[in-house]
Every structure is written in C-alpha cells, then in structure tokens.
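Okay, here's what each chain looks like letter by letter:
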Amino acid sequence: MYMQFSNSRSFTRGFIILASFLIVVLIVWNTYYLFQVFKDEERNKVELWAMGTKAVNDPGLQDTGLELTLRVIRSNNTIPVFKTDKRDNILDNNNIPPDILKDSVKLYNYFEDIKKQNEPIKIMISDSEYQYIYYGNSPLLDQLKYYPVALILIIVLFGALVFNFYRATKIATQNKLWAGMAKETAHQIGTPLSSLLGWIEIMKVDNVDETTVTEVEKDVNRLQTIADRFSKIGSEPVLEPVDIVAETEKSFEYLRSRTSNQVEFLYKGPDYPIPVMLNKELHSWTVENLVKNAVDAMKGKGSLKLIIQDVDGIVKIQVTDTGKGIPKKQYKKVFEPGFTTKKRGWGLGLSLTKRIVEEYHKGRIKVKHSEVGVGTTMQASYHKA
C-alpha cells in the first residue's frame, strides 16, 4: 500500500513538473512569436514612412495625395528613424529624444546603436542616387524583448520556492522519524537498565570489590543519562538554573577517565559557580560530543584542552584539540546533518550539538578557530541566568 502511494505521489510530482515546463515553453514561444509579429509590423510602418518621405519630394503629387502622405509620415510617433545618404550622412530623423538631439556626440553614438538593431531600408531616388532608412525598436518592442527573461526569472524563483518547501517538508518528516526512533531506543534501553541496577544491588550484598561496583554503577548511571537524552529528542526540555562550571567539569572528568592515556586532558575554569538555564542531561551531551569529536580529530592521540570563560554576562566553553584541523570553507558545513570526514559515522554529533546549544539552550556554537594540520577550537556560548 505504501509503495503504491509513493509511486502515485512520484507520478503526480513528475506530471506537475512536466506540465509546468510545457507551460513555460509555450509562454516563451508565444512571446517570441508576438515579438516577431510586432517587429514585422514596425518594419512595415517604417517602409510606409520611407515611401511617404520619398513621395513628399515628388513635384507631381496633388494636394490630396500630399495630405495622405503627410498623415502616413506623422503616424510614426514611436519608432526612432534616421534617413541618410549613401555615405551615411544624416539627412533627417524622427522620434529622437530631445536631449540626444542637442548633443552631437550623443546623436552620433545613438545613430551607431540604431544601425545595429535592424536591417536598413534602401530608397532609390534615381538610377545613381539612393538613401537609407535606419530604424530602431519602439519602447513597446524593447519592453516585450525582456519579458521572456523576466518570466523565466519568475519561474526559477517559483521553482526554488517549491524546492525549498519540499526540502523543508522532507527534513521535518525525517526529524520526526529520528525523534520517534530516539524515543523508542530510550524505551528499549530502559528494561535492561532496570535489570542491571538489580544486579548491582546483588553485587553489593555479595561483598564484591567496592571499586568495581562503583565503576559499574557509574557506567549504568551513564546509560540512564543517555537514555534520558534520547527520550528528550523532539520535545521541549525542562530548563533550570544550573552551575555550568560544575556540570561541565563533571562530564569532562568522566570522559577523561574513559579515554586513552595517549590523550592529554587539560581543564581550566572559574573557581566559582555560574548559573545558566540548562537541561543537565542535554548539556552533558554537548560536552561529550565536543570532547569525542576532538578526540576523533586527533585519532586518539594528542592534547585536549577545555576552558570556561566568564566574559560580560556570557559563559564561553572552548574545546581545543591538536587534530587535523578544518578548512575555513567547511566551518559552517561541519554542523550540517550527515557531514562527516570519518569513514564510519552518521555525521549527526555536531548537528545535534548545535540544536541543543542554539534551539534548546538559546546559546551559540561555532568553530572559533582552526588550522589544517594544527588543530581546532570549538566554542559554545551561553547567557548567564
């Protein structure tokens, strides 16, 4: 049933696109046809005008014929016209803008431009004498000439709008799917976690080594935190005033204890609490993603530094690594869903981090600085509560 629905939707989309394309082609062709019709009519007008100017100089023309000829000449009040001799000396003109007529240089340049627009009309005065009629396009024809371009631009903009709409709809659908999968994952993890908590209690009763029990308990609590994170995806998290210094250091120290000794962890932060409106689980996820991303960039070997700064009501968390670095043109791209430089990975870590920091915690995250082959500094900024 779903496949039939999908095929039907694809067919409808294809039909709409094809129909739109045919409509555009039809409109452009019709506009071109009208343009040619107007162009032919204007040439006929100029030919009549040329015949009229020739007839005016005929001494045998009667009064009635002269009046009709003058009416033909005066009927052209839109098409710019130049009459020249065979050496291109201007003998007469019509419908030339007054400001151009006043300036001989402008008039010459205008005449040269008119000569390029249409094939001239040749008037035979005698067997050895002839004149040329050069004419340009009327304002109406000029406007009509640019109409197809404007139409195509409108169609392109409309197409871009439709594309963005479909893309936004697709992304929204994918986000709902991911949110549903995340919640289901959290639900599935809940059952074995409950069982593990029971086994920890049994280990305590059986006097198992306290250090072992404590470490297992930490990992189980961590799994509970992860399950809680996934359950919050797609829903508005509850924010509360939290000491961002203590929460950040706690997450950092947990990751330090479970990362290879080949990575040197350095921490520097204020020695006083700084309240920020946060969700603890999601903030812990932010720190974890930034630290893990830094460790991956160094391929598990190097120096990792986390610094917390309190500057003018803004708390800045900077994570610096000595990894491969990021080219400047990819600074924004690293936060896009699916972008990854690793052979394995979904490219969701930094995109989720950006969403947590900016959408949920109303902060900002960016690549503060990076140099290829030297390392990268990521910075997340928050407003103090």
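As a starting point, this report considers the structure included with it. (Residues numbered from 1 in each chain as written. Predicted model: local features only at pLDDT ≥ 70, side-chain atom pairs only at ≥ 80, totals over all residues. Heavy atoms only, no water.)

Describing the overall build of the protein chain
Helix and strand counts for the protein chain come out as 9 helices and 11 strands. A buried classification covers 31% of the 385 residues belonging to the protein chain. Sequence separation of at least 24 residues holds for 65% of the intrachain contacts in the protein chain that already meet a minimum separation of 6. Put simply, the protein chain shows about 24,800 Å² of open surface, and 59% of that area lies on carbon and sulfur atoms. (Helix = DSSP H or I, 4+ residues; strand = E, 2+ residues; numbered from the N terminus. Buried < 20%, exposed > 50% of the residue type's maximum accessible area, 1.4 Å probe, protein only. Contact = heavy atoms within 4.5 Å. Areas by Shrake-Rupley, 256 points an atom, 1.4 Å probe, with all protein chains shown as cover.)

A look at the packing of helix 8 (residues 280-297) against helix 9 (residues 349-360)
Following both chains from N to C, one finds helix 8 and helix 9 inclined at 145°, their axes separated by 9 Å at the closest point. Where helix 8 crosses over helix 9, the two elements pack in a sense that is left-handed. Here Leu 282, Trp 285, Thr 286, Asn 289, Leu 290 and Asn 293 of helix 8 come into contact with helix 9, specifically with Gly 349, Leu 350, Leu 352, Thr 353, Ile 356, Val 357 and Tyr 360. Its residues placed into classes, the contact of helix 8 with helix 9 shows 8 nonpolar, 5 polar and no charged. (Axes fitted to C-alpha atoms, helices over the stretch in contact; angles between N-to-C directions. Left-handed = near helix turned anticlockwise from the far one by under 90°. Nonpolar A, V, L, I, M, F, W, Y, C, P; charged D, E, K, R; others polar.)

Considerations on the packing of aromatic side chains
Counted under the stated rule, the structure contains 7 aromatic pairs. Measuring from ring centre to ring centre gives 5.1 Å for Phe 82 and Phe 111, while their planes differ by 65°; the resulting arrangement is edge-to-face. Of this pair, Phe 82 sits in strand 1 (residues 81-85) while Phe 111 sits in helix 4 (residues 104-117), placing them 29 residues apart in sequence. You can call Phe 82 buried: its relative accessible area is 0%. By relative accessible area, which is 3% here, Phe 111 ends up buried. With a centroid separation of 6.0 Å and an interplanar angle of 40°, the aromatic rings of Tyr 132 and Tyr 134 are classed as tilted. Each member of the pair, Tyr 132 as well as Tyr 134, is classed as buried. Over the ring of Tyr 134 we find Lys 115, and its NZ or CZ is 5.8 Å from the ring centre. (Phe/Tyr/Trp six-rings, centres within 6.5 Å; stacked < 30°, edge-to-face > 60°. Lys NZ or Arg CZ within 6 Å of the ring centre and 35° of its normal.)

As for the layout of surface pockets
Counted as a void, the second largest pocket has a volume near 400 Å³. Forming the walls of the second largest pocket are 12 residues, and the residues nearest its centre are Ile 17, Ser 20, Phe 158, Gly 159 and Val 162. Only helix 1 (2-56) and helix 5 (139-205) provide two or more residues apiece to the lining of the second largest pocket. Per-domain counts for the lining of the second largest pocket show at least three residues from each of domain 1 (7-137) and domain 2 (160-233). (1 Å grid on protein atoms, 1.4 Å probe; cavity = no way out; pocket = protein on both sides within 12 Å on 5 of 7 lines; lining within 4 Å. Points joined across faces, edges and corners; volume = space filled by probe spheres on them. Domains from an automatic or database assignment.)

Observations regarding helix 9
In this model helix 9 runs 16 Å from its N-terminal to its C-terminal C-alpha over 12 residues, within 8% of the 16 Å that 1.5 Å per residue would give. Buried within helix 9 are the following residues: Leu 350, Ser 351, Thr 353, Ile 356, Val 357, Glu 358 and Tyr 360. (Expected span 1.5 Å × (residues − 1).)

A word on the side chain of Glu 358
Within the secondary structure layout, Glu 358 lies in helix 9. Its relative accessible area of 18% is what places Glu 358 among the buried residues. At a separation of 3.3 Å, a polar atom in the side chain of Glu 358 contacts the main-chain amide nitrogen of Ile 365. Ignoring any residue separated from it by four or fewer positions in sequence, one finds Glu 358 in contact with Gly 363, Arg 364 and Ile 365. (Polar contact = N/O pair within 3.5 Å; in protein donor to acceptor, adjacent residues only side chain to side chain.)

What to know about the pattern of salt bridges
The full count for this structure, using the stated rule, is 14 salt bridges. Notably, a salt bridge pairs Lys 115 with Asp 88, separated by 2.9 Å at the nearest N-O pair. Of the two residues, Lys 115 sits in helix 4 while Asp 88 sits in the loop between strand 1 and strand 2 (90-94), which places them 27 residues apart along the sequence. Of the residues examined, Asp 88 reaches a relative accessible area of 25% and is grouped as partly exposed. Here Glu 215 and Lys 218 are joined by a salt bridge, their closest N and O atoms 3.6 Å apart. Linking Glu 215 with Lys 218, this pair stays in helix 6 (residues 210-232), spanning 3 residues, or about one helical turn. (Salt bridge = Lys/Arg side-chain N within 4 Å of Asp/Glu carboxyl O.)

A short note on a nonpolar patch on the surface
Where nonpolar side chains cluster on the molecular surface, the patch consists of Leu 26, Trp 29, Tyr 33, Leu 34, Phe 38 and Leu 140 and spans about 630 Å² of accessible area. For the nonpolar patch, the leading source of residues is helix 1, giving 5 residues. Topologically, Trp 29 is positioned in helix 1. (Patch = residues over 30% accessible without salt bridge, like charges linked within 9 Å, V, L, I, M, F, W, Y side chains within 5 Å.)

Quick look at the environment of Glu 253
Mapped onto the secondary structure, Glu 253 falls in helix 7 (residues 244-257). On the basis of relative accessible area, Glu 253 is assigned to the partly exposed category, the value being 31%. In the structure, Glu 253 is positioned 14 residues away from Tyr 267 in sequence and 9.0 Å away in space, judged by C-alpha atoms. Within the structure, the side chain of Glu 253 is placed 2.9 Å from the side chain of Arg 256, a separation counted as a polar contact.

Side note on the side chain of Thr 376
Along the polypeptide, Thr 376 turns up in strand 11 (residues 375-383). Classification of Thr 376 as buried rests on a relative accessible area of 5%. A distance of 2.7 Å separates the side chain of Thr 376 from the side chain of Ser 370, its partner in a polar contact. Not counting chain neighbours up to four residues away, the residues in contact with Thr 376 comprise Val 319, Thr 320, Asp 321, Gly 325, Ile 326, Val 367, His 369 and Ser 370.

Overview of the environment of Leu 91
Structurally, the position occupied by Leu 91 is in strand 2. With relative accessibility at 46%, the residue Leu 91 sits in the partly exposed group. Spatially, the C-alpha atom of Leu 91 lies 9.1 Å from that of Gln 131, the residues being 40 residues apart in sequence. Discounting chain neighbours no more than four positions away, the residues touching Leu 91 are Lys 83, Thr 84, Asp 85 and Gln 131.

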